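Coordinate inspection notes
Here is how the chains run, residue by residue.
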Amino acid sequence: MPRAGPSRTQPQPSQYHSQRVRGRRANTNDGDDNEHDAPEMDPDDDMNADATQARGADADDHLNKKARDLVRLALFTEHKRVPLRREDINKKILGSHTRSFNAVLLKAQGLLRKTFAMELVELQARNYRDQDPAEDLQNATGVKKRATAAGSKTYILRSILDTTIIEQAALSHERLLEEELADGPDNDDDDDDIPHNYGSVIAWSTADQLAALGLLHVILALILVNGRAISELDLRANLKRLRISPSGTIPSNAQSTHRSIPFDTFLQHLVRQGYLDRVRLGDTKSTTGKRRGRVSATQGNGNAEDNPQAYEWRWGNRAHGEVGERAVGEFMGEFMVQQTRVADVEEEEEGAGAGAGASGGRRPGKQKQKEGGMEKRLETTVKAIERAAGGNLTDVK
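For the structure given in this document, a descriptive report is provided here. (Residues numbered from 1 in each chain as written. Predicted model: local features only at pLDDT ≥ 70, side-chain atom pairs only at ≥ 80, totals over all residues. Heavy atoms only, no water.)

Pairing is antiparallel in the open sheet, where three strands are placed in the order 1-3-2. Of all strands in the sheet, those with a lone pairing partner are strand 1 (84-85) and strand 2 (118-124), marking the two edges. Of the pairings in the sheet, the one linking strand 2 to strand 3 (residues 151-159) comprises six bridges and is antiparallel in character. For glutamine 124, the partnering residue across the bridge sits in strand 3 and is glycine 151. Across the sheet, helix 4 (residues 101-116) lies against strand 2 and strand 3, angled at about 130° from strand 2, the strand it touches most. (Pairing = 2+ DSSP bridges. Helix = DSSP H or I, 4+ residues; strand = E, 2+ residues; numbered from the N terminus. Contact = heavy atoms within 4.5 Å. Axes fitted to C-alpha atoms, helices over the stretch in contact; angles between N-to-C directions.)

Now the structure itself:
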């Protein structure tokens, strides 16, 4: 009888042991393969990342430095009251990095707005400003004309403060005036008629040349109501009616190096600063929509004295970008209405007498009716100024 042995379907001990060993070896090999498949950190990658971050930090530092340099240049140029040209920015700030102009300008704008409440504004080109907006840009053959570029690549600094803040800062306060008079030096020996204390937050006696600033706005107003252009002879005649002699001088405050400047020199300064344009009449380059010839300051006043009608005065691009026609028109309207209101009050006070005392003063309804009449009168006056100017008044551009 044969001896019973293990079934062929069951693995023998030696076979089972060998299978387990082979399984462990296979698992070990798979683990080794997984270890080899896992990515290893290369030290060069860390160095490249650090170098990229360093280059980005250097680029940011370079951009911030250029922006700060542009802010300083803009403030220095504005102190001289002359426009800042883009070619000066490229030459003095950017150098060979002219393509970064927009990025540097954007960064500088943020610094100016946050620190000084000002911003750089590009002035409009003279040709673009003078062209007729209703003019057809197609000629007789149907070919479209080339549009005039709007920008002049010149910039000025303009305040972004709210007008309400400026109006409140310009008001005089009795308490501030008393403190200024008590703390200020004794000016009895000064023969200057210009006041030095105003009792306002804005220091008018040191901030601006008030006489020159006031005369500038008078000239801008005269030009505006004369159809946006006035001849040399008419300008001097109108100023003479206001007791401003063309042969006289314009007083300056104590901060100026000169106590006064001649009137003709003052006009030359306004042309150089961009507030006024002095245009030669009859010049083919002076027509609307084309290039005008501007008279340089070195040409003197002999031409105007020989033939005053040979030139006319217009607003400069800085006046359009800093003052604005609508602001001057509204100021003129408010001034005229205010003078009329003062005259009406004086007439009421003269004719009041005992009747006003018996009635117990002014009635609120009548006072409100007068205020409404003043607003309507102001609106009518501004519309009359627009008609005199020859069209709608424009805001700052």
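Moving on from the coordinates now.
Before going further, it helps to examine the environment of glycine 227. Structurally, glycine 227 is set in the loop between helix 9 (210-225) and strand 4 (230-231). Look past the residues within four positions of glycine 227 in its chain and what remains in contact with it is Ala388 and Ala389.

With that settled, consider the pairing of strand 8 (residues 311-315). Of all five residues in strand 8, four are buried, a share of seventy percent or more. Of the strand pairs in this sheet, strand 4 and strand 8 are connected by two bridges, and their pairing is antiparallel. What sits directly across from serine 231, in strand 8, is glutamate 312. Pairing analysis gives five bridges linking strand 7 (residues 276-280) to strand 8, with the strands arranged antiparallel. Bridged to valine 279 within strand 8 is glutamate 312. (Buried < 20%, exposed > 50% of the residue type's maximum accessible area, 1.4 Å probe, protein only.)

What follows concerns the sheet that holds strand 7. Taken together, three strands build an open sheet; the order of strands is 4-8-7 and the sheet is antiparallel. The open sheet has two edge strands with one neighbour each: strand 4 and strand 7. The strands that helix 11 (residues 263-273) touches are strand 7 and strand 8; relative to strand 7, the one it contacts most, it runs at about 100°.

In this section: the packing of aromatic side chains. Inspection of every chain in the model, using the stated rule, returns one aromatic pair. Aromatic pair phenylalanine 101 and tyrosine 155: ring centres 6.3 Å apart, planes at 50°, arrangement tilted. One end of the pair, phenylalanine 101, is in helix 4; the other, tyrosine 155, is in strand 3, with 54 residues separating them in the sequence. The same class applies to phenylalanine 101 and to tyrosine 155, which are both buried. Just above the ring of phenylalanine 101 sits the side chain of arginine 86; from NZ or CZ to the centre is 3.9 Å. (Phe/Tyr/Trp six-rings, centres within 6.5 Å; stacked < 30°, edge-to-face > 60°. Lys NZ or Arg CZ within 6 Å of the ring centre and 35° of its normal.)

Per the counting criterion, the structure on display carries 20 salt bridges. With a closest N to O distance of 3.2 Å, arginine 113 and glutamate 119 form a salt bridge. The buried category is assigned to glutamate 119, whose relative accessible area is 17%. A salt bridge links arginine 318 to glutamate 322; its shortest N-O distance comes to 3.1 Å. Of this pair, arginine 318 and glutamate 322 both sit in helix 13 (residues 317-322), four residues apart, which is roughly one turn of that helix. Using a relative accessible area of 0% as the deciding quantity, one classes arginine 318 as buried. Through salt bridges with shared partners, a single ionic network connects Glu78, Arg81, Arg318 and Glu322. (Salt bridge = Lys/Arg side-chain N within 4 Å of Asp/Glu carboxyl O.)

All buried positions along helix 3 (residues 86-94) are accounted for by Asp88, Ile89, Ile93 and Leu94. The arc that holds the buried residues of helix 3, viewed along the axis, is 155°, so those residues lie on one side. More than 90 degrees from the buried face of helix 3, the exposed residues found are Glu87 and Lys91. One or two positions beyond helix 3, positive phi appears at glycine 95, with a value near 70°. (Arc of directions from axis to C-beta.)

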